[in-house]
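# Reading the structure
Okay, here's what each chain looks like letter by letter:
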Amino acid sequence: MRIANILIVILTVLISTNVLAEQSLMKIGIVAPDAAVFGTEYAQAEIKKTETNKEFTALKAKFDGLLEEMKELNSEIENKGMTWSADQNDDAQKKMGYLRDDIELIQKKLKSEQKALQSRIIKATEEKIQEALQELITEEKLTLLLRKEAAIFGGEGVDYTNKLTNRLNKKMK
């Protein structure tokens, strides 16, 4: 029994040493591809173009106006609601419901515009990001490249997001 335990310990040490030796040969990196793509000059220009688009700014202004109107109505209800008649309270609550519905609708439209923008940017950079990732892996001699979200810890020098963004900026010109 004692010899079996010694053999198990020796085998464990040999396996551990082999694993450590292999790990020292590995070069692991992490990257946040979405952050790299949306950090590019191209993506920033597209975002700015959308945000300054006449329809988008009008929708955003309407959204902000409705939020302000709702805030004012809510304040009025809190301050004067106790002195109002039942009809006045009902009207205020009905108006608050309409404002909430309008805000939700505009919010959905704004989110839809943002999703469309994100899709356009991803579609436009899709090919370039694949090329850039492959070049980065080859250039840095990476054995394993993980999404940043998958890493529990990323020590100094393992995050390649900025390098990927810079490489994409060059490719998108």
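See the structure printed just above.
The notes below deal with the structure included here.

Rules used in this analysis
Residue numbers run consecutively from 1 along every chain, following the written order of its sequence. Totals for whole chains, interfaces and linings use every residue, but because this is a predicted model, local features are given only for residues with pLDDT of at least 70 and side-chain atom pairs only at 80 or more, for both listing and counting. Each side-chain value is worked out from all heavy atoms of the structure, with water and hydrogens disregarded. Only runs of H or I of at least four residues qualify as helices and only runs of E of at least two qualify as strands under DSSP, and these elements are numbered from the N terminus. Accessibility here uses a 1.4 Å probe with only protein chains present; expressed as a share of the type maximum, an area under 20% marks a residue as buried, one over 50% as exposed, and anything in between as partly exposed. Contact definition: two residues touch when any of their heavy atoms are within 4.5 Å. All accessible areas in this document rest on Shrake-Rupley with a 1.4 Å probe, and a residue is counted as covered only by the protein chains that are shown. Cavities and pockets are found on a 1 Å grid laid over the protein atoms alone: a cavity is a set of points where a 1.4 Å probe fits but cannot escape, a pocket is an open set with protein on both sides within 12 Å along at least five of seven lines, and a lining residue has an atom within 4 Å of such a point. Grid points are joined across faces, edges and corners, and a volume is the space filled by probe spheres set on the points. Ten residues, namely Ala, Val, Leu, Ile, Met, Phe, Trp, Tyr, Cys and Pro, are considered nonpolar, four, namely Asp, Glu, Lys and Arg, are considered charged, and the remaining ones, Gly among them, are considered polar. Between Lys or Arg on one side and Asp or Glu on the other, a salt bridge is scored when a side-chain nitrogen of the former is within 4 Å of a carboxyl oxygen of the latter. To count toward a patch, a residue needs a relative accessible area above 30% and no salt bridge. Like charges then connect within 9 Å, nonpolar side chains (Val, Leu, Ile, Met, Phe, Trp, Tyr) within 5 Å. What the arc describes is the spread of directions from the helix axis to the C-beta atoms. Axis lines are fitted through C-alpha atoms, for helices just across the contact stretch, and the angle between N-to-C directions can take any value from 0 to 180 degrees. If an angle is under 35 degrees, it is roughly parallel; if it is over 145, roughly antiparallel; if it lies from 65 to 115, roughly perpendicular; otherwise it is oblique. Left-handed is the label given to a crossing in which the near helix is rotated counterclockwise from the far helix by less than a right angle, and right-handed is the label when the rotation is clockwise.

### Quick notes on the overall build of the protein chain
Looking only at helices and strands, one finds six helices and two strands in the protein chain. Seen in sequence order, the protein chain has helices and strands lined up from the N terminus as α-β-α-α-α-α-β-α. For the protein chain, the proportion of its 173 residues judged to be buried stands at 25%. For the protein chain, restricting intrachain contacts to residue pairs at least 6 apart in sequence, the fraction spanning at least 24 positions comes to 84%. Accessible surface, the protein chain as shown: approximately 12800 Å² in total, 56% of it carbon and sulfur.

### Details of the layout of surface pockets
One number sums up the size of the largest pocket: a volume of about 200 Å³. Forming the boundary of the largest pocket are 13 residues, of which Pro33, Asp34, Ile129, Leu133 and Arg147 lie nearest the centre. For the lining of the largest pocket, the secondary structure elements donating two or more residues are helix H2 (33-38), helix H5 (86-140) and strand S2 (144-147). With six residues, the top contributor of residues to the lining of the largest pocket is H5. Its residues placed into classes, the lining of the largest pocket shows eight nonpolar, two polar and three charged.

### Examining the pattern of salt bridges
All told, the structure shown has 11 salt bridges when counted by the stated rule. As a salt-bridge pair, Glu46 and Lys49 come within 3.2 Å of each other at their nearest N and O atoms. On the criterion of helical spacing, the pair formed by Glu46 and Lys49 is a turn pair, its members being three residues apart in helix H3 (residues 41-51). Glu46 sits in the buried class, given a relative accessible area of 14%. Note that Lys171 is salt-bridged to Glu135, the shortest N-O span being 2.9 Å.

### Digging into a nonpolar patch on the surface
A cluster of nonpolar side chains, namely Met26, Ile28, Leu144 and Leu146, defines an oily patch on the protein surface of about 290 Å² accessible area. Within the element layout of this structure, Met26 appears in the loop between helix H1 (2-25) and strand S1 (28-31).

### Quick word on H3
Of the positions making up H3, those classed as buried are Ala43, Glu46 and Thr50. For H3, the buried positions fall inside an angular range of 60° around the axis, keeping them on one side. Seen from the open side of H3, the exposed residues pointing more than 90 degrees away from its buried face are Lys48 and Lys49. Each element contacted by the buried residues of H3 is listed here: H2, helix H4 (54-80) and H5.

### What about the side chain of Asn169?
Counting through the fold element by element, Asn169 comes out in helix H6 (residues 161-171). Judged by its relative accessible area of 13%, Asn169 is buried. Beyond its immediate chain neighbours, meaning those up to four positions away, Asn169 contacts Thr40, Glu41 and Tyr42.

### So, the packing of H3 against H5
Closest axis-to-axis distance for the H3/H5 pair is 10 Å, and the angle between their directions is 150°. Overall, the two elements H3 and H5 adopt an arrangement that is roughly antiparallel. H3 and H5 meet at a crossing whose hand is right-handed. Contacts from Tyr42, Ala43, Glu46, Ile47 and Thr50 of H3 reach H5 at Leu117, Arg120, Ile121, Ala124 and Thr125. Counted by class, the contact of H3 with H5 contains six nonpolar, two polar and two charged residues.

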